Amino acid sequence: EDPSLEKHFKGHRDAVTSVDFSLNKKQLASGSMDSCLMIWSMRPQMRAYRFVGHKDAVMCVQFSPSGHLVASGSRDKTVRLWIPSVKGESTVFKAHTATVRSVHFSSDGQSLVTASDDKTVKVWTVHRQKFLFSLSQHINWVRCARFSPDGRLIVSASDDKTVKLWDKTSRECIHSFCEHGGFVNHVDFHPSGTCIAAAGTDNTVKVWDVRMNRLLQHYQGNAVVNSLSFHPSGNYLVTASNDSTLKILDLLEGRLLYTLHGHQGPATCVAFSRTGDFFASGGSDEQVMVWKTNFDAADYGDVLKTQKSGTSVDGTHHTLVEMDCGVHLKKTKPQDSGRNHAQQDEETSLANTLEHIMEQLDVLTQTVSILEQRLTLTEDKLKECLENQQKIIQNKTS
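Residues numbered from 1 in each chain as written. Predicted model: local features only at pLDDT ≥ 70, side-chain atom pairs only at ≥ 80, totals over all residues. Heavy atoms only, no water.

Draft legend 1. The arrangement of the overall build of the protein in detail. Regarding its fold elements, the protein presents two helices and 29 strands. A total of 398 residues make up the protein; the buried ones form 52% of that total. Of the contacts made within the protein by residues no fewer than 6 positions apart, 48% connect residues no fewer than 24 positions apart. Here the protein displays about 19,100 Å² of accessible surface, and carbon together with sulfur accounts for 53% of that area. (Helix = DSSP H or I, 4+ residues; strand = E, 2+ residues; numbered from the N terminus. Buried < 20%, exposed > 50% of the residue type's maximum accessible area, 1.4 Å probe, protein only. Contact = heavy atoms within 4.5 Å. Areas by Shrake-Rupley, 256 points an atom, 1.4 Å probe, with all protein chains shown as cover.)

Draft legend 2. Seen up close, the pattern of salt bridges. Within this structure, the stated rule accounts for twelve salt bridges. Arginine 50 is paired through a salt bridge with aspartate 34; the nearest N and O atoms lie 3.9 Å apart. One end of the pair, arginine 50, is in strand β5 (residues 49–52); the other, aspartate 34, is in the loop between β3 (27–32) and β4 (36–41), and 16 residues separate them in sequence. Of the charged contacts in the structure, one is a salt bridge between lysine 247 and aspartate 243, with a shortest N-O distance of 3.9 Å. According to the relative accessible area criterion, lysine 247 is buried, its value standing at 8%. (Salt bridge = Lys/Arg side-chain N within 4 Å of Asp/Glu carboxyl O.)

Draft legend 3. Fine view of the side chain of serine 229. Locating serine 229 in the fold gives a position in strand β22 (residues 225–230). Looking at serine 229, its side chain comes within polar contact range of the main-chain nitrogen of phenylalanine 272, at 3.0 Å. If we ignore the near neighbours within four places in the chain, the residues touching serine 229 are Tyr236, Leu237, Val238, Val270, Ala271 and Phe272. (Polar contact = N/O pair within 3.5 Å; in protein donor to acceptor, adjacent residues only side chain to side chain.)

Draft legend 4. Expanded view of the pairing of strand β10 (residues 100–105). Of all six residues making up β10, six are buried, and the element is well covered by its neighbours. As defined by bridge partners, β10 adjoins strand β11 (residues 111–116) across five bridges and the pair is classed as antiparallel. Its bridge partner being in β11, valine 103 is matched across the sheet by threonine 114. Two successive antiparallel strands, β10 and β11, enclose a turn made up of five residues, where glycine 109 displays a positive phi of approximately 75°. (Pairing = 2+ DSSP bridges.)

Draft legend 5. Main features of the sheet that holds strand β26 (residues 267–272). The strand order across the open sheet built from four strands is β1-β28-β27-β26, with neighbouring strands paired in antiparallel fashion. The sheet terminates laterally at β1 (4–10) and β26, the two strands that pair on one side only. In this sheet, neighbouring strand axes are inclined to one another by 20° on average, regardless of whether the strands run parallel or antiparallel. Of the strand pairs in this sheet, β1 and strand β28 (residues 287–292) are connected by six bridges, and their pairing is antiparallel. The partner of histidine 8 across the bridge, within β28, is methionine 289. (Axes fitted to C-alpha atoms, helices over the stretch in contact; angles between N-to-C directions.)

Draft legend 6. Spatial organisation of the environment of phenylalanine 230. Along the chain, phenylalanine 230 turns up in strand β22. Taking relative accessible area as the criterion, phenylalanine 230 reaches 7% and is therefore assigned buried. The sequence separation of phenylalanine 230 and aspartate 188 amounts to 42 residues, and the corresponding C-alpha distance is 7.8 Å. Beyond its immediate sequence surroundings of up to four residues, phenylalanine 230 is in contact with Asp188, Phe189, His190, Pro191, Ala197, Tyr236, Leu237, Leu251 and Phe272.

Draft legend 7. Highlighting the nonpolar core. Leu246, Ile248, Leu260 and Phe279 are the most contacted members of the largest nonpolar core, which totals 15 residues. Contributing elements (two or more residues each) for this core: β23 (236–241), β24 (245–250), β25 (255–261), β26 and β28. (Core = buried A, V, L, I, M, F, W, Y, C linked by side-chain atoms within 4.5 Å.)

Draft legend 8. Spatial organisation of the pairing of strand β2 (residues 16–21). Among the six residues of β2, six are classified as buried, and the element is accordingly described as predominantly covered. Both β2 and β3 contribute to a ladder of five bridges, which runs antiparallel. Following the sheet pairing, phenylalanine 21 is matched in β3 by leucine 28. In this structure, the hairpin formed by β2 and β3 is closed by a connection of five residues, where lysine 25 is found at a positive phi of approximately 65°.

Draft legend 9. Region of the structure containing the sheet that holds β22. With antiparallel pairing, the four strands of this open sheet are ordered in space as β22-β23-β24-β25. With partners counted over all chains shown, the strands left at the sheet margins are β22 and β25, one partner each. For this sheet, the mean angle separating the axes of adjacent strands, direction not counted, is 20°. Pairing of β23 with β24, which is carried by five bridges, proceeds in the antiparallel orientation. Paired with leucine 237 across the strands is leucine 249, a residue of β24.

Draft legend 10. Layout of a nonpolar patch on the surface. Where nonpolar side chains cluster on the molecular surface, the patch consists of Leu350, Leu354, Ile357 and Leu361 and spans about 390 Å² of accessible area. On the basis of relative accessible area, leucine 350 is assigned to the exposed category, the value being 54%. (Patch = residues over 30% accessible without salt bridge, like charges linked within 9 Å, V, L, I, M, F, W, Y side chains within 5 Å.)

Draft legend 11. Local environment of the UniProt feature "repeat: WD" (unreviewed entry) in the protein. Summarizing the sequence annotation, UniProt attributes the feature "repeat: WD" (unreviewed entry) to residues 9–50, 51–82, 93–134, 135–176, 177–218, 225–259 and 260–292 in the numbering used throughout. The distance from the first to the last C-alpha atom of residues 225–259 is 13 Å, and the span holds 0% helix and 66% strand. Overall, residues 260–292 shows 0% helix and 61% strand. The separation of its end C-alpha atoms is 12 Å. (UniProt positions renumbered as here; feature names shortened; annotations may be inferred.)

Draft legend 12. Spotlight on the side chain of serine 273. Looking at the secondary structure, you find serine 273 in the loop between β26 and β27 (278–283). Among the residues examined, serine 273 registers a relative accessible area of 2% and is labelled buried. In this structure serine 273 touches Phe21, Lys25, Pro232, Phe278 and Phe279, once residues within four positions along its chain are discounted.

Draft legend 13. Local environment of the packing of aromatic side chains. Going through the model one piece at a time under the given rule, you end up with ten aromatic pairs. Considering the side-chain rings of tyrosine 258 and phenylalanine 295, the 5.7 Å spacing of their centres and the 35° angle between planes classify their relative orientation as tilted. With a gap of 37 residues between them, tyrosine 258 in strand β25 and phenylalanine 295 in the loop between β28 and α1 (300–309) connect regions that are remote in the sequence. Pair check on accessibility: tyrosine 258 and phenylalanine 295 agree, each one buried. Feature note: the residues Tyr49, Phe51 and Trp82 constitute an aromatic cluster, connected by ring pairs. (Phe/Tyr/Trp six-rings, centres within 6.5 Å; stacked < 30°, edge-to-face > 60°.)

Listed below in structure tokens is the structure:
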């Protein structure tokens, strides 16, 4: 079954920058350029909380592993820790000297890692709310920083076009991945901790093995990728792009599974729930959407088992020709009372089928043109071989 739109939250007054689910899936946090943090309830008829405190745009939000705290980073240069209740109390962390782009809790909930336009990555203790140390080798804004699942490594992504891997204990940079052709907007660890995925302004998603420091997979899209999130099973990756789409990549097959159209304008952020049965997205259209995953129902039971044993992405290098075989979810317009639902459904499904056929034709055209190119190359090679042979024969006879 295809992913489907489950809920639609409206309340932000500017672009949404970040989304995250609480552990129990009862709540969803979002941050926005409107300087507010919203906590939405997944239960019907429960009201949303709007948290006010940041003096400028909220760039990032994350629930602590237990769900009792929410961290946020802002353009006002501060990090805040909130208690997600009616009162919405918060404490302020100050150490960065520029916009804070990213906040992330370690899986034990004890530490917080933040990334900033001041070119540093900083680590804090959550309970003593104390700044511990800085990692400062990036030479441009740092967009994103994440702890590995075991908490021993930190990965960071920057506008200096590098992704850096750090050892938390020694505080040293153990490797720099420099293969990105643009700024790196987002990075995260695979649930097994053995690889990382990074999204960039060069329209790519790259997956690297952090044990061998080599590129495993490379997905070429046709728009800037703003955000990504691994499914807890480790088998899928969802991305949010400037062309307003969300894409679901099958990491085992190394191919694009679905392209989802929901947002009007750039899709800015995306995140799977902790069990993987939902994912949420935010856009510059001020909307927060929750999608039911559907395509992976069998895996939920196995998610916790896999996390313990650790799964790894297969080691082959895939380059992708963009082939959209997904069903496109268009925004539905308010129903016109004059026409019955059945008629409308039929029209929609017909439109979808036609769109699907058109896409398949595009794919075929693309494939044929690739084959033609290959044929031309082969012919040229053959011609070259024959000419060389002639020369050799001539040389021998003369």
